[in-house]
Amino acid sequence: MTPEFVALVAQLRHDLTSADYTEATVGRLLALGAGRIDASAALKRGHVTPALRALHARSSAAAVLFRLFRLGDTVSSDELAGALRRLGTAGAEALGLVQHGASGWRATLDISPHAATDSVGSVDWWIVSDLGELATGAPVAEDHVLGVGGASISLSRQLLARASRRTLDLGCGSGVQALHASRYSDFVVATDISDRALWLAEFTCALNEVTNVEFRYGSLYEPVAGERFDAIASNPPFVITPRDHDVPGYEYRDGGLVGDGVTKAVIRGAQAHLTVGGVAQMLGNWEYRTSPAAEGDPGQLGDGLARVAAWLDDCPELDAWVIERERQDPSEYAETWIRDGGLRPGTSAFNSLHAAWLDDFERRGVEAVGFGYVLLRRRQPGAPALRRFETASGVLGEEGLAAHFAGVLDAVDSLVAAGALAGSGGPGPDAVPDQDFALRGVYVERAEDVTEERHHWPGDEQPTVLLLRQGGGFGRAISASPALSGLVGAADGELPVGVLNDAIAQLLEVDASELWAELAPEIRELVWCGMLRPIAGQ
């Protein structure tokens, strides 16, 4: 950026700050004067009229700026000059923010106030991106640069945010993850295959006075060949799109590879770019296939998570925790992304694209598409492999996921350090006897968010079903035996689990060794779920 551009950005920052152009302020403005209409809810459904009605009744600078940059409204010269007092209309034009037409000034870029919360804390930012359908009333272009979306928010809430010397934001888009990474990293490299995305991300960082981010052009890991990072964050263009010339490919979501190739490439490339102990976190799609794939890729038949596990066969230094959050059938998946491109069901264009998607899935034997979260870690030399692939279907509290991930990783590492977990695939009945013996000496405590549900047949004293339910994390509900329920209830960190097991066996009048054979793998599972936490130093 030129010194002149930087100076204009500083003036814009001053004006946005003076206007109190924040997500909270806009929320209050949308509530004022809206009567019984929830303008904010209407906006989330894609309808701007209630918001325009509410904001036209307000003359504040924040109201004008939101109408202009978010809703695509035309504003007068007096309104624009009043909202951007220091930058002025000439400065706004020089920055490429507005253009003048017959009826007044219209925005050419989107500037969105964004209130974010991550592991570091809460912050207010402005995100610069291309205008969306909300403002233009038309489908977005194939080179559209997306602003803050649900996926970017979801990923940012998962990032461990541990102190990092060097962090990589792979596929940075408008720079949302780079902003988050800048808060806990000495230095951030942000890459993208779109020059426009890199320019808008640099604009976003400059506007928010973030100076420790470097921007590089290129595909996947090419811009950082031979480099390693303590952390990698990636919301890559993972959407599975037919590779047909009649199907539009949107740069912000389509990586140009066949099927789930982008997700595969980001996962498999992580090992070569992580420092020892470094963590990569990303979102992705993976296919469930019923027949061998075309294009020379034999695939993994049936189970999508097994397919992801096979991608890691050539990455022996990586731990992996993969959580599938959603699974869609081919038609539902296609409908979702065709609508995302601005087309509506029932139109000939929609139907044509729908057929192209279904033809592609049928040709490659795809019966479903999974979506979820991937956490990879380059392990210490000689440490056992920790790999877990699961489907989480509970009520998700995303705002606490970063703490959940960090806590579980620390807990599992504690079991490994105590010799109580074999690794090589997570907890389970394959743990060898030595590790079961070591587990007996581990002290654990129940997590604060764990509750118990008991279900009885009418008139019965004993419960038919016992459930251990998690309030945070992935909101899991785990069926428990009376013995496991008793152990979790008594887990206050005062006694090792082996002593708890023997006391419960005596109470239930069962063989202690047989009970331990049943409870040991279940204890490991509850540690992986975040329901039990080993106590360090006991």
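Anyway, here's the lowdown on the structure attached to this text.

About the thresholds
Residues numbered from 1 in each chain as written. Predicted model: local features only at pLDDT ≥ 70, side-chain atom pairs only at ≥ 80, totals over all residues. Heavy atoms only, no water. Helix = DSSP H or I, 4+ residues; strand = E, 2+ residues; numbered from the N terminus. Rg over C-alpha atoms; globule rule 2.2 N^0.38 Å. Buried < 20%, exposed > 50% of the residue type's maximum accessible area, 1.4 Å probe, protein only. Areas by Shrake-Rupley, 256 points an atom, 1.4 Å probe, with all protein chains shown as cover. Lys, Arg positive; Asp, Glu negative; His and termini not counted. Charge placed at Lys NZ, Arg CZ, Asp CG, Glu CD. Expected span 1.5 Å × (residues − 1). Bend = angle between axes of the 7 residues up to and from the residue. Axes fitted to C-alpha atoms, helices over the stretch in contact; angles between N-to-C directions. Parallel < 35°, antiparallel > 145°, perpendicular 65-115°, else oblique. Left-handed = near helix turned anticlockwise from the far one by under 90°. Contact = heavy atoms within 4.5 Å. Nonpolar A, V, L, I, M, F, W, Y, C, P; charged D, E, K, R; others polar. Pairing = 2+ DSSP bridges. Phe/Tyr/Trp six-rings, centres within 6.5 Å; stacked < 30°, edge-to-face > 60°. Lys NZ or Arg CZ within 6 Å of the ring centre and 35° of its normal. Arc of directions from axis to C-beta.

1. Some details on the overall build of the protein chain
Phase 1: Assigned secondary structure in the protein chain consists of 20 helices and 18 strands.
Phase 2: Taken over C-alpha atoms, the radius of gyration comes to 26 Å for the protein chain, in line with the 24 Å a tight globule of 538 residues would show.
Phase 3: Principal axes of the C-alpha set define a box for the protein chain whose edges measure 85 × 55 × 50 Å.
Phase 4: For the protein chain, buried positions account for 52% of its 538 residues.
Phase 5: For the protein chain, the exposed area adds up to about 23,200 Å²; of that, 51% sits on carbon and sulfur atoms.
Phase 6: Averaging the coordinates of the 44 positive side-chain charges in the protein chain and doing the same for the 73 negative ones gives two points 4 Å apart.

2. A few points about helix α20 (residues 512-529)
Phase 1: Spanning 18 residues, α20 covers 25 Å between terminal C-alpha atoms, matching the ideal 26 Å at 1.5 Å per step.
Phase 2: Along α20, the sharpest change in direction is near 30° and occurs at Leu519; proline Pro521 comes one to four residues later.
Phase 3: Considered for burial, the residues of α20 that qualify are Leu515, Trp516, Leu519, Ala520, Pro521, Ile523, Arg524, Leu526, Val527, Trp528 and Cys529.
Phase 4: Positive phi shows up at Gly530, right after α20, with a value of about 85°.

3. A closer look at the packing of helix α14 (residues 330-340) against helix α15 (residues 348-363)
Phase 1: For the pair α14 and α15, the least separation of the axes is 9 Å and the interaxial angle reads 140°. For the element pair α14 / α15, the angle class is oblique. Crossing of α14 against α15: the hand is right-handed. Where α14 approaches α15, its residues Pro330, Ser331, Tyr333, Ala334, Glu335, Trp337, Ile338 and Arg339 are matched on the opposing element by Phe350, Leu353, His354, Trp357, Leu358 and Phe361.
Phase 2: Grouping the constituent residues of the contact of α14 with α15 by class yields 10 nonpolar, 2 polar and 2 charged.

4. Focus on the sheet that holds strand β10 (residues 318-328)
Phase 1: A sheet is described by the order of its strands in space; here 8 strands give the open sequence β7-β6-β5-β8-β9-β11-β10-β12, paired in mixed fashion. Of all the strands in the sheet, the pair left with one neighbour each is β7 (213-217) and β12 (387-391). Direction aside, neighbouring strands of the sheet carry axes that sit 20° apart on average.
Phase 2: Strands β5 (164-170), β8 (229-234), β9 (274-289), β10 and β11 (366-378) of the sheet are contacted by helix α12 (residues 261-269), whose axis makes an angle of about 160° with β9.

5. Digging into the sheet that holds strand β16 (residues 477-479)
Phase 1: Ordered in space as β14-β15-β16, the 3 strands form an open sheet in which the pairing is antiparallel. The open sheet is flanked by β14 (450-455) and β16, the only strands paired with a single partner. Within the sheet, the average angular offset between the axes of one strand and its neighbour, ignoring direction, is 25°.
Phase 2: Relative to strand β15 (residues 465-470), β14 runs antiparallel, the two sharing 6 bridges. Its bridge partner being in β15, Glu453 is matched across the sheet by Leu467.

6. Describing the pairing of β10
Phase 1: Burial analysis of β10 places 8 of its 11 residues in the buried class, which makes it a mostly covered element.
Phase 2: Inspection of the sheet shows β10 paired to β11 by 10 bridges, in the antiparallel sense. Along β11, the bridge assignment pairs Ala320 with Leu376.
Phase 3: In the sheet, β10 pairs with β12 via 5 bridges, with the strands oriented parallel. Bridge pairing in β12 links Val322 to Phe389.

7. Examining the packing of aromatic side chains
Geometrically, a pair of aromatic rings is defined through the distance of the ring centres and the angle of the planes.
Phase 1: For the coordinates displayed, the defined rule picks out 12 aromatic pairs.
Phase 2: Measuring from ring centre to ring centre gives 5.1 Å for Trp321 and Phe405, while their planes differ by 80°; the resulting arrangement is edge-to-face. Residue Trp321 is found in strand β10, and its partner Phe405 is found in helix α16 (residues 401-417); the two are separated by 84 residues along the sequence.
Phase 3: Trp321 sits in the buried class, given a relative accessible area of 1%.
Phase 4: Among the aromatic residues, those joined into a ring-pair cluster are Phe238, Trp321, Phe371, Tyr373, Phe405, Phe474 and Trp528.
Phase 5: A cation over a ring is seen here: Arg440 above Trp516, with NZ or CZ 5.4 Å from the ring centre.

8. Brief notes about unusual backbone geometry
Phase 1: For Leu220, which is not glycine, the phi dihedral falls at a positive 50°.
Phase 2: Here Leu220 shows up in the loop between β7 and β8.
Phase 3: The phi dihedral of Glu509 is positive, around 60°, even though this residue is not glycine.
Phase 4: Tracing the chain through its elements places Glu509 in the loop between α19 (497-508) and α20.
Phase 5: A relative accessible area of 72% places Glu509 in the exposed class.

9. Focus on the environment of Val416
Phase 1: When you line up the elements, Val416 lands in helix α16.
Phase 2: Sequence spacing of Val416 and Leu439 is 23 residues, and the spatial spacing of their C-alpha atoms is 9.7 Å.
Phase 3: Apart from the residues within four sequence positions on either side, Val416 is in contact with Pro384, Leu386 and Leu421.

10. What to know about helix α2 (residues 23-31)
Phase 1: All of the buried residues in α2 are Thr25, Val26, Leu29 and Leu30. One face of α2 carries all of its buried residues, which in axial projection span an arc of 135°.
Phase 2: Turning to α2, the residues buried within the fold contact α3 (39-44), α4 (49-56), α5 (61-69) and β3 (110-118).

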